[in-house]
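Summary of the model geometry
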Amino acid sequence: MSETILRQLKLLELLPRQPFKKSPQELKNALDEIGFAISLRTIQRDLKVLSSILPIISDERDKPFGWSWHRDAPGFNPAMDPIEALTFSLAEEYLEPIMPSKSFNRLRIFFDRANHILNEIDKSSIRKWRDNVRVVPQWQTLMSPKINDEAESAIYDALLNGNQLEVSYLKRGNEEPDLRIVNPLGLVLQGVVHRLVCTMDDDDTPRHLPIHRFVRARPNGKNIKTPRKFNLDEFIKKQNIGYLISESQMELEVIFTAMAGFHLTETPVSKEQELKKLDDGRYILKAILPDTSQLRWWLLGFGDQVEIIKPKTLRKEFQKIANSLNKTYGS
């Protein structure tokens, strides 16, 4: 589909139905905002051509003159404009690592359509902008585990429809899967690992299981049994899925080297952080943060460029880690 056709389709979408109207200048402004930078003369020429084959009319009874769909014209299916195509193209990079393959594949038609549109409008500033933008993960990326598509599909359908499942689940370390009855309660997407929150057999205790370990899953014709007062958010918090170590907030005080600490002047860890530059160029950070594993991994990533001052318990943790590393790497 050429850029001209895309532009004309969007132009038709922008036209109101009688008795309302839009002037060529208003239409030009609207097209400019969504990535079609063309002249007023081109707009007028497009309208004239389109009016010869479609029920769109020009109202010249009073100024400003305007165009609209005839009040009896049938509906019109809108086209994806360049800004929408750009949005879908960027969303594809963000969503592919975290979405279930079945759900992502359902959206692929939109992503393919968006990328095709961007390829067609090769002279557009929108296309040039997209060619110069990349989505780069902040942390080390992991490849997605292999998932049984049929099992995944059955799990998602069961969660949607409230169906109980009969599954074959392979525990970590086992060579053969176990046959179990599962009540799906929720899904947690954690990076490349997707977890099913559920109860199993006659046990009402919720648990979370990686979907890639389900060898087989099929509905058994029964409705799910939900534990009383079950709350997905509370479960995630208690089960440490988000790597929460303690429900108490941590009063963190650390010293960064000048190079390591500078990023906190631009990207704070919290709105209430206190960051002070010391006389020797280092930074001292004070902040109240959740007591999580992610916090420890973040601090460990700076190596010897950070020193834990408070809390003392965290300082001792890092002392043990340092001693262990010294045993591993020391001569």
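**Overview of a nonpolar patch on the surface**
A cluster of nonpolar side chains, W297, L300, I321, L325 and Y329, forms an exposed patch at the surface whose accessible area comes to about 550 Å². Those elements that provide at least two residues to the nonpolar patch are α10 (293–300) and α11 (312–329). The leading source of residues in the nonpolar patch is α11, at three residues. Look at I321 and you get partly exposed, because its relative accessible area is 31%.

**Here's the deal with the layout of surface pockets**
When its volume is computed, the second largest pocket comes out at roughly 260 Å³. For the second largest pocket, the lining is made up of 13 residues, of which G303, V306, F318, Q319 and A322 are closest to its centre. Going through the elements one at a time, α10, β11 (306–310) and α11 are the ones with two or more residues in the lining of the second largest pocket. In terms of residue count, the dominant contributor to the lining of the second largest pocket is α11 (six residues). The residue makeup of the lining of the second largest pocket, split by class, is eight nonpolar, two polar and three charged.

**Observations concerning helix α4 (residues 82–95)**
One turn of the α-helix equals 3.6 residues, which is why residues spaced by three or four share an orientation. With 14 residues, α4 ought to run about 20 Å at 1.5 Å a step, and its terminal C-alpha atoms sit 20 Å apart, in line with that. The set of residues buried in α4 consists of P82, A85, L86, S89, L90 and E92. Down the axis, α4 shows its buried residues gathered within 145° of arc, on one side only.

**Focus: unusual backbone geometry**
Residues Q18 and P19 are joined by a peptide bond in cis, for which omega reads 10°. Tracing the backbone through its elements, the reader meets P19 in the loop between α1 (3–14) and α2 (24–33). For the bond from K310 to P311, the omega torsion is 0°, close enough to zero to count as cis. Note on placement: P311 falls in the loop between β11 and α11. With phi around 55°, D201 is a residue other than glycine that occupies positive phi space.

Parameters and conventions
- Residues numbered from 1 in each chain as written.
- Predicted model: local features only at pLDDT ≥ 70, side-chain atom pairs only at ≥ 80, totals over all residues.
- Heavy atoms only, no water.
- Patch = residues over 30% accessible without salt bridge, like charges linked within 9 Å, V, L, I, M, F, W, Y side chains within 5 Å.
- Areas by Shrake-Rupley, 256 points an atom, 1.4 Å probe, with all protein chains shown as cover.
- Salt bridge = Lys/Arg side-chain N within 4 Å of Asp/Glu carboxyl O.
- Helix = DSSP H or I, 4+ residues; strand = E, 2+ residues; numbered from the N terminus.
- Buried < 20%, exposed > 50% of the residue type's maximum accessible area, 1.4 Å probe, protein only.
- 1 Å grid on protein atoms, 1.4 Å probe; cavity = no way out; pocket = protein on both sides within 12 Å on 5 of 7 lines; lining within 4 Å.
- Points joined across faces, edges and corners; volume = space filled by probe spheres on them.
- Nonpolar A, V, L, I, M, F, W, Y, C, P; charged D, E, K, R; others polar.
- Expected span 1.5 Å × (residues − 1).
- Arc of directions from axis to C-beta.

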